[in-house]
Amino acid sequence: MLDVQTSAAAPPPVIRREDYRPPDWLVPDVELDFILDPTKTLVRSRLSVTRNGGHNHPLKLDGDGLTPIAVRIDGEAQADAWRMDGSALLIDLPGDEHVIETEVEIAPEKNSQLMGLYASGGMLCSQCEPEGFRRITFFPDRPDVLSRYLVRMEADKARFPVLLSNGDHVDGGDLSDGRHWAQWRDPFFKPTYLFALVAANLVANRDSFATRSGKEVELAIWVTPDDLPRTEHAMAALKASMAWDEKVYGREYDLGEFNIVAVADFNFGAMENKSLNIFNSRYVLADPDTATDMDYDGVAGVVAHEYFHNWSGNRVTCRDWFQLSLKEGFTVFRDQSFSADQGSAAVKRIEDVRGLRASQFPEDAGPLAHPIRPESYMEISNFYTATVYSKGAEVVRMLQTILGPENFRKGSDLYFDRHDGQAVTCEDFVVAMEDASGVDLTQFRLWYSQAGTPKVKASLVHEPAGGQARLTLEQDVPSTPGQPAKKPMPIPLRVALYGEVTGQIFGGERLVMLEDAHQEILFEGIGERPVLSINRGFSAPVTVLADRSPADLAFLSAQDDDPFARYEAMQQLMVDTLVGAVARGEADHGPVIEAVQETLLNPALDAAFIAEAVLLPSESFIGDQMPVVDPMAIHLAREALRRDLGLELEDEWRASYAKTHANRYEYNPAAKGLRRLKTVSLGYLAASEAEDAPVIAFRQFRDADNMTDRQGALGTLANSLWAERDEALKMFYDRYRDNGLVIDKWFTTQALSSRDDTPEAVEALARHPDFTLANPNRIRSLVSAFSVNQKGFNHASGRGYRFLADMVLAVDKLNPQTAAKLVPPLGRWRRFDEARAALMRAELERIVATPGLSKDVFEQASKSLN
Ligand code: B3K
Ligand code: ZN
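Cut-off values and rules
- Residues numbered from 1 in each chain as written.
- Chains lettered and ligands numbered in written order.
- Predicted model: local features only at pLDDT ≥ 70, side-chain atom pairs only at ≥ 80, totals over all residues.
- Heavy atoms only, no water.
- Helix = DSSP H or I, 4+ residues; strand = E, 2+ residues; numbered from the N terminus.
- Rg over C-alpha atoms; globule rule 2.2 N^0.38 Å.
- Buried < 20%, exposed > 50% of the residue type's maximum accessible area, 1.4 Å probe, protein only.
- Areas by Shrake-Rupley, 256 points an atom, 1.4 Å probe, with all protein chains shown as cover.
- Lys, Arg positive; Asp, Glu negative; His and termini not counted.
- Charge placed at Lys NZ, Arg CZ, Asp CG, Glu CD.
- Donors = N, O, S within 2.8 Å, 3.2 Å for Na, K, Ca; no water.
- Core = buried A, V, L, I, M, F, W, Y, C linked by side-chain atoms within 4.5 Å.
- Domains from an automatic or database assignment.
- Buried area = accessible area lost by both parts, 1.4 Å probe.
- Salt bridge = Lys/Arg side-chain N within 4 Å of Asp/Glu carboxyl O.
- Polar contact = N/O pair within 3.5 Å; in protein donor to acceptor, adjacent residues only side chain to side chain.
- Nonpolar A, V, L, I, M, F, W, Y, C, P; charged D, E, K, R; others polar.
- Pairing = 2+ DSSP bridges.
- Axes fitted to C-alpha atoms, helices over the stretch in contact; angles between N-to-C directions.
- Contact = heavy atoms within 4.5 Å.
- Phe/Tyr/Trp six-rings, centres within 6.5 Å; stacked < 30°, edge-to-face > 60°.
- Lys NZ or Arg CZ within 6 Å of the ring centre and 35° of its normal.
- Near = heavy atom within 4 Å.
- Parallel < 35°, antiparallel > 145°, perpendicular 65-115°, else oblique.
- Left-handed = near helix turned anticlockwise from the far one by under 90°.

Right, let's get into the overall build of the protein chain. A tally of helices and strands in the protein chain yields 27 helices and 30 strands. Its C-alpha atoms give the protein chain a radius of gyration of 28 Å, within 12% of the compact-globule value 29 Å for 866 residues. With 866 residues in all, the protein chain has 59% of them scored as buried. When the accessible area of the protein chain is evaluated, it comes to approximately 32,800 Å², of which 51% is carbon and sulfur surface. In the protein chain, the 92 positive side-chain charges and the 129 negative ones have mean positions that sit 1 Å from each other.

Further remarks concern the coordination of the zinc ion (ligand 2). Distances from the zinc ion (ligand 2) to its protein donors, namely His-305 (NE2), His-309 (NE2) and Glu-328 (OE), fall within the range 1.9 to 2.0 Å. Sequence spacing among the residues donating to the zinc ion (ligand 2) works out to H-x3-H-x18-E. Of the two residues, His-305 sits in helix α2 (residues 293-308) while Glu-328 sits in helix α3 (residues 324-342), which places them 23 residues apart along the sequence.

The biggest cluster of nonpolar side chains holds 104 residues, and the ones touching the most others in it are Val-596, Leu-645, Leu-782, Val-783, Leu-826 and Ile-847. The dominant element in this core, judged by the number of residues it contributes, is helix α10 (residues 563-584), at nine residues. Core analysis: the second largest hydrophobic core is formed by 83 residues, Ile-221, Cys-318, Val-396 and Leu-441 among them.

This paragraph deals with the domain arrangement of the protein chain. A common way to state how big an interface is: give the accessible area lost once the parts meet. Parsing the protein chain into structural domains produces domain 1 (1-201), domain 2 (316-449), domain 3 (455-540) and domain 4 (737-866). A C-alpha centroid distance of 24 Å is found between domain 2 and domain 3. Of the roughly 1,400 Å² buried between domain 2 and domain 3 on both sides combined, carbon and sulfur atoms contribute 68%. Counting the surface domain 2 buries against domain 3, the share from its top three residues, Gln-443, Leu-446 and Trp-447, is 35%. Summed over the shared surface of domain 2 and domain 3, the number is zero salt bridges. At the boundary of domain 2 with domain 3, the tally comes to six residue pairs in polar contact (both at pLDDT 80 or more). Contributions of two or more residues to the side of domain 2 that touches domain 3 are made by α4 (345-364), α5 (386-403) and α8 (446-449). A per-element tally of the side of domain 2 that touches domain 3 places α4 first, with six residues. The class makeup of the residues in the side of domain 2 that touches domain 3 is eleven nonpolar, four polar and four charged.

Taken together, the four strands give an open sheet; going across it, the order is β9-β10-β15-β12, and neighbouring strands pair in antiparallel fashion. Sheet topology places β9 (116-120) and β12 (162-165) at the edges, where each strand pairs with a single neighbour. In this sheet, adjacent strand axes meet at a mean angle of 20° when their direction is disregarded. Where strand β10 (residues 123-127) and strand β15 (residues 197-200) come together, two bridges link them in antiparallel fashion. When the sheet's bridge partners are listed, Leu-124 is paired in β15 with Ala-199.

What follows deals with the environment of Arg-409. As for its position among the elements, Arg-409 is in helix α6 (residues 405-419). The exposure class of Arg-409 is partly exposed, given its relative accessible area of 28%. Separated by 301 residues in sequence, Arg-409 and Arg-710 place their C-alpha atoms 43 Å apart. Setting aside chain neighbours within four positions, we find Arg-409 in contact with Lys-247, Val-248, Tyr-249 and Gly-250. Of the polar contacts made by the side chain of Arg-409, one reaches the backbone oxygen of Val-248; its length is 3.1 Å.

In this section: the packing of aromatic side chains. In total, this model carries 41 aromatic pairs according to the counting rule given. Ring geometry for Tyr-307 and Phe-308: centres 6.1 Å apart, planes at 65°, overall edge-to-face. Residues Tyr-307 and Phe-308 agree in their burial class; the two are buried. A ring pair is formed by Phe-786 and Phe-803, whose centres lie 5.9 Å apart and whose planes are at 80°; its orientation type is edge-to-face. Here the residue Phe-786 occupies a position in helix α22 (residues 776-787), and Phe-803 occupies one in helix α24 (residues 799-814), the gap between them amounting to 17 residues. Across this residue pair, the class does not change: Phe-786 and Phe-803 are buried. One aromatic cluster in this structure is built from Trp-244, Tyr-249, Tyr-253, Phe-258, Tyr-307, Phe-308, Trp-311, Phe-330, Phe-338, Tyr-415, Phe-416 and Phe-429. Taking NZ or CZ as reference, Arg-251 lies 4.7 Å from the ring centre of Trp-311, over its face. The ring of Phe-188 carries the charged tip of Lys-274 above its face, separated from the ring centre by 4.2 Å.

This part takes up the site of ligand 1. Around ligand 1, 14 residues are found, and the nearest of them are Glu-129, Ala-270, Glu-272, Glu-306 and Tyr-389. Within the contact set of ligand 1, an oxygen atom lies 3.0 Å away from a side-chain nitrogen or oxygen of His-305. In this structure, a nitrogen atom belonging to ligand 1 sits 3.3 Å away from a side-chain N or O atom of Gln-817. When ligand 1 is considered free in solution it has 340 Å² of accessible area, and contact with the protein chains removes 96% of it. At the level of secondary structure, the elements contributing two or more residues to the shell around ligand 1 comprise β19 (270-271), α2 and α3. Split into classes, the residues belonging to the shell around ligand 1 amount to six nonpolar, three polar and five charged.

In terms of burial, strand β11 (residues 147-156) is a largely internal element, seven of the ten residues being buried. Of the pairings in the sheet, the one linking strand β2 (residues 25-35) to β11 comprises seven bridges and is parallel in character. Residue pairing in the sheet places Asp-33 in a bridge with Arg-152 of β11. Pairing of β11 with strand β14 (residues 179-190) involves nine bridges; the strand directions are antiparallel. Considered in β14, the bridge of Met-153 is made with Ala-182.

With that settled, the discussion passes to the packing of α10 against helix α11 (residues 590-601). As a packed pair, α10 and α11 sit with axes 10 Å apart at the nearest point and diverge in direction by 155°. The angle between α10 and α11 places the two elements in the roughly antiparallel class. With respect to the hand of their crossing, α10 and α11 are arranged in left-handed fashion. In this structure, α10 uses Met-570, Leu-573, Met-574 and Thr-577 to contact α11, whose residues at the interface are Pro-591, Val-592, Ala-595, Val-596 and Thr-599. The class makeup of the residues in the contact of α10 with α11 is seven nonpolar, two polar and no charged.

Moving on: the environment of Ala-340. Within the secondary structure, Ala-340 sits in helix α3. C-alpha separation for the pair Ala-340 and Gly-301, spaced 39 residues apart in sequence, amounts to 10.0 Å. Ignoring any residue separated from it by four or fewer positions in sequence, one finds Ala-340 in contact with Ala-345 and Lys-348.

Quick look at unusual backbone geometry now. Glu-129 connects to Pro-130 through a cis peptide bond whose omega is -5°. With respect to the secondary-structure elements, Pro-130 resides in the loop between β10 and β11. A positive phi angle, near 60°, is found at Asp-177, a position not held by glycine. Checked against the element boundaries, Asp-177 lands in the loop between β13 (168-174) and β14. One non-glycine residue, Asn-535, lies in positive phi territory at about 55°.

A few words now on the packing of helix α20 (residues 740-751) against helix α21 (residues 758-765). Relative to each other, α20 and α21 sit at 155°, their axes nearing to 9 Å. By the angle between their axes, α20 is roughly antiparallel relative to α21. Across the interface between the two elements, Trp-746, Phe-747, Gln-750 and Ala-751 from α20 touch Thr-758, Val-762 and Leu-765 from α21. Taken together, the residues of the contact of α20 with α21 sort by class into five nonpolar, two polar and no charged.

Written out as structure tokens, the structure reads:
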């Protein structure tokens, strides 16, 4: 049953952080019994409940779409002691300890929301975070009620030979009529959102891991038989994550089993259920023929992320959902650090910052802006955002920068030891960091409460006579919804000054703490004109506006010893050039071309870094730097620069392409870097309109021995008007028609195409027989991909906006959580010209006025109008 908001006159209630109250009743032990069947599953529960504190409130058991078949209190029916209050079950209880039993029936096959217990690809699986458990059984479904679970399940053995839940398998056996049962016990107290159950016909890639204290953990990754060969990378990543968490955070795994199950229909990436992680199959399966290098990185990153949650999330969990960043921000920071340690740390940092700028910065600048610890929500599922996750990770990273790695580790040790087995708050995390380090973090707490991306203006004045340089820093935190006035934030900026002539760095790097609205820092011993390198390593999630000439930026892009700062200087040079081009209608491409050439020819740089550095900023990012986004002008200016880069550096692109072309597939960081540079070079050759570009692209596509090269070439072909384009798309489709994850790529590649006909092509693809609203990956592969195509989505006719709104409304009927995630691009209307803004608003208004809208979509669409 959908959680519907029936009338626009009665919006869903707003839940506020300040209203938090501890639970009235605790449930230390729970026994669940599932008689599983896709059409009708019987769920019996037995809860031992204890009164929490002195009060006379009834026991409130949340439910969503559940009808009690039976309720027993201490073994008796007692019909007058319980009642329904909306969808919740209220029970008056006289004593302080009782046993409550309930029985409900659910229909997994009809569950299109993919929350609670649902059917996917012939299996039954669960998703409970944040509030899905209440769709399975009546329970206080909140993260601060922690219970020990004993779970029995029973199912048809031929159809569901594998029965999994959390903890350890303790018992099981065969029953009559071809049925069987299994029992699982999880000794750890956990909240409902970490409960999981799987009944399936799958096979496992099995392995084991010896923990540092010598415990043997059995590992299994469960997939369909065809997919078994695609699980090696995920298994290697799991073992690497287990070892890394021991080494870097001193965290050891705590049970005898760890299971991962791959599911085709999943609302997001994966879920960290205690010892039974359930994954979107796209973050488990990888082999060279079907997954790109980026997919491989995604698999490793998500496997690590979910595994790390065992401590940052499961052993120490969140008191309430406002604290979500406590586990998500910290765990993203942990997975980012892990991935940085596995390959190129510089490239990983560049990718993470690019991701932050693509998704979190716009969120922070728009109508849905919220602090990493939000103050209120209508639907918590809407707050699994880039802000909570990625900005949350940046906040933890700043703590590490400010405290230093040793104090940070002491702080995390203290946090885990102090709060093991508890449901706690962001404040508890900060207090642990303070207590361990002795550093006062009072002002730092603003990062948890203030939304908006701070802007830092930096200007450097050299006083040659005194050999001094004066750095003036000013910060401004923009107003955001509900937060008109902001206090200055503490902003850690890693700063260095380079001598313009000698290239020497004066006195090494400094960590400057910008704490006031305006601050001046004096550097001594500066004998020549200095060039400012600031926010090195992206030490703070801010926008820096530094007054640096193209020559200074070119200097840094060639000389800075911080790879991120070097990349950043090049990006800034490109952005300045392109923003200038849009404003003036013409631009001097010379400095960018020279800087790119210098980078390409620098033998000290590795291919992966070069490929990142020479890529032009995305059209959206360029738009974000402008007062009013003009999508066509941006597209044309960027294409003109790409063309000039292609033409002027044609020899260099051919050389870097040739360097990698003959290589056979290998999976290692160096080979990945070469593949990346190869496709980037191909893109520039295509932009140069070189006559042989179509042939080179098609050859790369056809002869590739791996998906990275094949998809890279297909992307170039898909943007083109070449005859080879349609043939390549058809070949790709025919080759992979049975592999859903690769067909997703086929949809995405077309949705991202820069061709003029993309809007109508996307509309046609939505009518393709392989397009379905039942699978969230497929929806995202077409609809979300199209909505980040700045040129296509913002077509002046408004057809892109109409398409998106149609999709939101269609998906909402089935799966509100996934529908709500599609809405934010329409909320960017303030960034566009009046005509586009009006068209976007009209679509938002149409959504909001639709009867029977879910509260998920209502919240996103109504707030987006503000
Ligand atoms: N904790 C889950 C996310 C659940 C999202 C629910 N809407 C996966 C993760 O962040 O690890
Ligand atoms: Zn997470």
